[in-house]
Amino acid sequence: MKKISFQNDILPLKNELYRLALRITLNPAEAEDVVQETMIKVWNRRDQWDEIESIEAFCLTICRNLALDKMRRMEGQNQSLDEGVHDAPDRSYSSNPEEQAMQQDRIGLIRRLIGQLPEKQRSAMQLRDFEGKSYKEIAAIMAISEEQVKINIFRARQAIRQKYLETEKYGL
């Protein structure tokens, strides 16, 4: 098995870990704390690295579990995805300010809808659609079967689609 180096194999995962933690906690400061705790836990288990099949899945699993634990402790605080992280608007869509505003509203709505999903669906969707992980990798990270991963992603997409259409048709 490959010799694992903290600097070359684990430290480069910090951005990916942060994105996962942010999708779960919905708070940039909390996500940073989760990543730091993840790195410490992974370092403390360095004697087990040779036995690990996928160090990336190992790190992502620890990160996910720590983020979920933090969310359970913070229970009751509802924050939306658009707090803290703001994407630059896509100016290529249209030069019309009204169209740009409508597009930003749609993006904000989708972020809120993703934030309202159950944790398993939100995590599975994050790993698949935003991180580009395979179903097998997601199953390993979330400790569920590949079939459950597919079901969670399907249900998440269906829920977002349905709520989005309901919102868009509201008032017509």
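Residues numbered from 1 in each chain as written. Predicted model: local features only at pLDDT ≥ 70, side-chain atom pairs only at ≥ 80, totals over all residues. Heavy atoms only, no water.

Trainee: So, the overall build of the chain: which residues are in play, and what are the values?
Mentor: Of regular secondary structure, the chain possesses eight helices and zero strands. A burial count over the chain gives 40% of its 172 residues as buried. The long-range fraction of contacts in the chain, counting pairs at least 24 apart against all pairs at least 6 apart in sequence, stands at 66%. A total of about 10600 Å² of accessible surface is found on the chain, and carbon and sulfur atoms cover 48% of it. (Helix = DSSP H or I, 4+ residues; strand = E, 2+ residues; numbered from the N terminus. Buried < 20%, exposed > 50% of the residue type's maximum accessible area, 1.4 Å probe, protein only. Contact = heavy atoms within 4.5 Å. Areas by Shrake-Rupley, 256 points an atom, 1.4 Å probe, with all protein chains shown as cover.)

Trainee: So, the packing of aromatic side chains: which residues are in play, and what are the values?
Mentor: According to the stated counting rule, one finds three aromatic pairs in the structure shown. For the pair F6 and W43, a centre-to-centre distance of 5.4 Å together with 80 degrees between the ring planes defines the contact as edge-to-face. Residue F6 is found in helix α1 (residues 6-10), and its partner W43 is found in helix α3 (residues 28-44); the two are separated by 37 residues along the sequence. A relative accessible area of 22% places F6 in the partly exposed class. Residue W43 is classed as partly exposed on the basis of its relative accessible area, which comes to 39%. Taking the centre distance of 6.3 Å and the plane angle of 10 degrees together, the rings of F6 and W49 count as stacked. Of this pair, F6 sits in helix α1 while W49 sits in the loop between α3 and α4 (55-73), and the two are 43 residues apart along the sequence. (Phe/Tyr/Trp six-rings, centres within 6.5 Å; stacked < 30°, edge-to-face > 60°.)

Trainee: So what about helix α7 (residues 135-142)? Which residues, and what values?
Mentor: Along α7, the residues that are buried comprise I138, A139, I141 and M142. Down the axis of α7, the sector holding all buried residues measures 165 degrees, keeping them to one side. Of the surrounding secondary structure, the elements contacted by the buried residues of α7 are α4, α6 (119-130) and α8 (146-169). A143, located one to two residues past α7, shows a positive phi value of around 60 degrees. (Arc of directions from axis to C-beta.)

Trainee: Quick rundown of the nonpolar core? Include the residues and the values.
Mentor: Residues I10, L17, V42, W49, I55, C59 and M142 are the most contacted members of the largest nonpolar core, which totals 34 residues. For this core, the secondary-structure elements that each account for two or more residues are α2 (14-25), α3, α4, α6, α7 and α8. Excluding anything up to four places from it in sequence, I55 contacts I4, I10, L13 and W49. (Core = buried A, V, L, I, M, F, W, Y, C linked by side-chain atoms within 4.5 Å.)

Trainee: Kindly report on the packing of α7 against α8, identifying the contributing residues and their values.
Mentor: Geometry of a packed helix pair, given as the angle between the helix axes and the separation of the axes. The contact between α7 and α8 brings their axes to 8 Å, and the two run at 100 degrees. As summarised for this structure, α7 and α8 are arranged roughly perpendicular, according to the angle between their axes. Judged by residue contacts, Y135, K136, I138 and A139 of α7 engage E146, V149, K150 and I153 from α8. (Axes fitted to C-alpha atoms, helices over the stretch in contact; angles between N-to-C directions. Parallel < 35°, antiparallel > 145°, perpendicular 65-115°, else oblique.)

Trainee: How would you explain unusual backbone geometry if you had to name every residue and give the values?
Mentor: If you check the backbone angles, L26 has positive phi at about 60 degrees while not being a glycine. In this structure, L26 sits in the loop between α2 and α3. With phi around 60 degrees, A143 is a residue other than glycine that occupies positive phi space. Relative to the helices and strands, A143 resides in the loop between α7 and α8.

Trainee: How would you summarise the state of the cysteines if you had to cite specific residues and measurements?
Mentor: This model, assessed by the stated rule, comprises zero disulfides. Free of any disulfide, C59 has its nearest neighbouring cysteine sulfur in C63, separated by 9.0 Å. (Disulfide = S-S within 2.5 Å.)

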